[in-house]
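# Structural overview
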Amino acid sequence: MDWEIVHIAETDSTNRWLKGHADSSRNLVIVADYQTAGRGCGTNTWEAERGKNLLFSLLLHPEQMPVSKQFHISMAVSLSIIEALGQHIGDLSIKWPNDIYWRNGKIGGMLIENTLKGGLIKDCIIGVGLNVNQRHFRSDAPNPVSIWQICEQETNREQLLQNILTCLDHYLYHDIKAQYCSMLYRRRGFHPYIDKNGAFMGEIADVEDDGHLLLRDDDGNIHHYAFKEVQFVF
């Protein structure tokens, strides 16, 4: 896949920047040194020191990809980041649906926004934030961690991006669900969760093709969850 990479010093949000260029037929990557209004999912914000981290968004135009397969994009990007980061650090996992974890710390996250047309995905904008060379975090986020904090070495952000894009060229066009499930955070054993009915102990049973998480409680019952319907307890 050919990517056109645009680098800018500052923007409010790389996802928002790409929305203004969504009519382009090219596969675009916008990379910013700093975001004034970086977003996570919902109302979450993303703390990132200027010039220290990897903040970028991708614009994809999937060919004939049905809406029912949109979670494949999330899995592909997650695995691409895991593989690229794996050249620098170990102990990585994917906290469902697409947060990137090192042990119990969050090293990256993403926000995916799709435009649909006739039951197909017309455009897909994927915003990614990765903590790379930041040494200190000052927000009240519970568990941020960066590559630098793990290995105390500077990482080349441009090379890291290129490695992610190279991996993505592979993962977008292969059956990857089993590999995705094998990389899930808390993929083995029972762990604490909270849903609308309260706290419980559960283990991951599966992830459905549409992205729903299946948890098995300690009575053997299977529960289905869409994003934001269940919380991990730390």
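Read on for an overview of the structure.

About the criteria used
Residues numbered from 1 in each chain as written. Predicted model: local features only at pLDDT ≥ 70, side-chain atom pairs only at ≥ 80, totals over all residues. Heavy atoms only, no water. Helix = DSSP H or I, 4+ residues; strand = E, 2+ residues; numbered from the N terminus. Buried < 20%, exposed > 50% of the residue type's maximum accessible area, 1.4 Å probe, protein only. Phe/Tyr/Trp six-rings, centres within 6.5 Å; stacked < 30°, edge-to-face > 60°. Pairing = 2+ DSSP bridges. Axes fitted to C-alpha atoms, helices over the stretch in contact; angles between N-to-C directions. Contact = heavy atoms within 4.5 Å.

## Thoughts on unusual backbone geometry
- Going from Trp96 to Pro97, the amide bond is cis rather than trans, its omega being 5 degrees.
- Within the secondary structure layout, Pro97 lies in the loop between strand S4 (92-95) and strand S5 (99-102).
- Even without glycine at this site, Arg186 takes up a positive phi of about 60 degrees.
- Here Arg186 lies in the loop between helix H5 (177-182) and strand S8 (191-195).
- Arg186 gets classed as buried once you look at its relative accessible area, which sits at 12%.
- Phi at Lys228 takes a positive value of approximately 80 degrees, unusual for a residue other than glycine.

## Points about the packing of aromatic side chains
- Under the definition given, this model contains 9 aromatic pairs.
- Relative to Phe234, the ring of Tyr185 lies with its centre 6.2 Å away and its plane at 35 degrees, an arrangement referred to as tilted. On the criterion of sequence distance, the pair formed by Tyr185 in the loop between H5 and S8 and Phe234 in the segment after strand S12 (231-232) is long-range, its members being 49 residues apart.
- A residue is classified by how much of its surface remains accessible, and Tyr185, at 7% relative accessible area, is buried.
- With a relative accessible area of 58%, Phe234 lands in the exposed category.

## Let's talk about the sheet that holds S5
- In space, the 7 strands of this open sheet follow the order S1-S2-S3-S7-S6-S5-S4, with mixed pairing throughout. Because the sheet does not close on itself, it has two edges, and the strands there are strand S1 (4-11) and S4. Averaged over all adjacent pairs, the angle separating strand axes in this sheet is 20 degrees, with direction ignored.
- Judged from the 7 bridges that link them, strand S3 (residues 54-60) and strand S7 (residues 120-130) form a sheet pairing that is antiparallel. Across the sheet, residue Leu60 finds its bridge partner in S7, namely Cys124.
- Sheet contacts for helix H2 (residues 70-85): S3, S4, S5, strand S6 (105-117) and S7; angle to S7, the most-contacted strand, approximately 30 degrees.
- Seen against the sheet, helix H4 (residues 157-171) touches S1, strand S2 (28-35), S3 and S7 and runs at an angle of roughly 30 degrees to S3.

## Observations regarding the sheet that holds S12
- In space, the 5 strands of this open sheet follow the order S11-S10-S9-S8-S12, with antiparallel pairing throughout. Each end of this open sheet is capped by a strand with a single partner; those strands are strand S11 (222-225) and S12.
- Summarising the sheet, strand S10 (residues 213-217) and S11 pair through 4 bridges and their orientation is antiparallel. Bridging from a neighbouring strand, Leu215 pairs with His223 of S11.

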